[in-house]
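Residue-level listing of the chains:
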Amino acid sequence: MFLIDRDLPCKYLRFKTNVKFKFYQMKNTKALALPLFMALLFILFSSYVKAQETQVKVTGIRSGKGKIILNVFRNNETYDNQQPCKVFTFDKKELANGSLVVTCRLEPGIYGITLVDDENGNGKIDKNFIGTPKEGFGFSNFFMEKMKKPVFDDFKVDLKSPNNNIVIRVKYM
């Protein structure tokens, strides 16, 4: 804040810092903090999307040994690169007549879900010397009829509505 001293000519100005200057700074900080806080709240609430309970029914499981692994992919690129956005692992304790119903928490969106029946519990799908899977596998709402690996669009599911029925039928080679 510049103050003009009446005893000095106009060209001489004196800079004076006092409590008013500090108060002015504090008032500016408070004035800046409120919009900043509101912007932060807006970002938090706008990015918050409630995850919903999604039930996946797995059928055709041949053994109660091991675990079921679900890999969730967002698009074709993550599927091709084998980079799931989420991985869920389930015990087979509730297995009844080769079927198991599991629950996953997923945000609304479009996903592709793959399944591995990890019978030996090593966390991956085991293959024989020519690359054929030795353990069971499956895809959301898609049963692989041919020996060709499906593309993402073949097994993608839309989880934007709360009532989604996802069924994965396990295939063994």
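Counting restarts for each chain: residues are numbered from 1 in the order of the written sequence. The predicted origin of the model limits local features to residues at a pLDDT of at least 70 and limits the giving and counting of side-chain atom pairs to 80 or more, whereas totals for whole chains, interfaces and linings rest on all residues. For the side-chain quantities, the full set of heavy atoms in the structure was used; hydrogens and water were omitted.

Student: Explanation requested: unusual backbone geometry in the structure shown.
Tutor: Leave glycine aside and you will find that most residues have negative phi; peptide bonds, for their part, are mostly trans. Even without glycine at this site, glutamine 82 takes up a positive phi of about 55°. Helix and strand labels come from DSSP, where a helix needs a run of H or I of at least four residues and a strand needs a run of E of at least two; each type is numbered from the N terminus. The residue glutamine 82 is located in the loop between α2 (76-80) and β5 (86-91) in this model. Non-glycine residue asparagine 97 carries a positive phi angle of around 55°.

Student: Mind showing me how you'd approach the nonpolar core here?
Tutor: The tendency in soluble globular proteins is for nonpolar side chains to be buried as a group. Nonpolar cores are built from buried Ala, Val, Leu, Ile, Met, Phe, Trp, Tyr and Cys residues. Side-chain atoms within 4.5 Å join them into one set. The rule is simple: take the accessible area with a 1.4 Å probe, protein chains only, and divide by the maximum for that residue type; under 20% is buried, over 50% is exposed, in between is partly exposed. Ranked by internal contacts, the top residues of the largest apolar core, which has 21 residues, are Val56 and Leu70. Going through the elements one at a time, β3 (52-59), β4 (67-73), β5, β6 (100-106), β7 (110-118) and β10 (166-169) are the ones with two or more residues in this core. Per element, the largest residue contribution to this core is four residues, and it comes from β6. Grouped together as the second largest cluster of nonpolar side chains are seven residues, Phe73, Phe137, Phe139 and Phe155 included.

Student: Where do I start with the sheet that holds β6 in this structure?
Tutor: Sheet strands line up and pair through hydrogen bonds in the backbone, either parallel or antiparallel. Whether two strands pair comes down to DSSP finding at least two bridges between them. The mixed open sheet is built from three strands, whose spatial order is β6-β3-β10. The two strands at the open ends of the sheet, each matched to only one other strand, are β6 and β10. Neighbouring strand axes in the sheet, compared pairwise and without regard to direction, differ in orientation by 30° on average. Where β3 meets β6, seven bridges bridge the pair, whose relative direction is antiparallel. Across the sheet, residue glutamate 53 finds its bridge partner in β6, namely arginine 105. In this description, a line fitted to the C-alpha atoms serves as the axis of each element, helices being fitted only across the stretch in contact, and the angle between N-to-C directions of two axes falls anywhere from 0 to 180 degrees.

Student: Sorry, what's going on with the side chain of threonine 132 here?
Tutor: Turning to its location among the elements, threonine 132 is positioned in the loop between β7 and β8 (136-139). Residue threonine 132 is classed as buried on the basis of its relative accessible area of 17%. Any two residues whose heavy atoms approach within 4.5 Å are treated as being in contact. In contact with threonine 132, not counting residues within four places along its chain, are Asp126, Lys127 and Met173.

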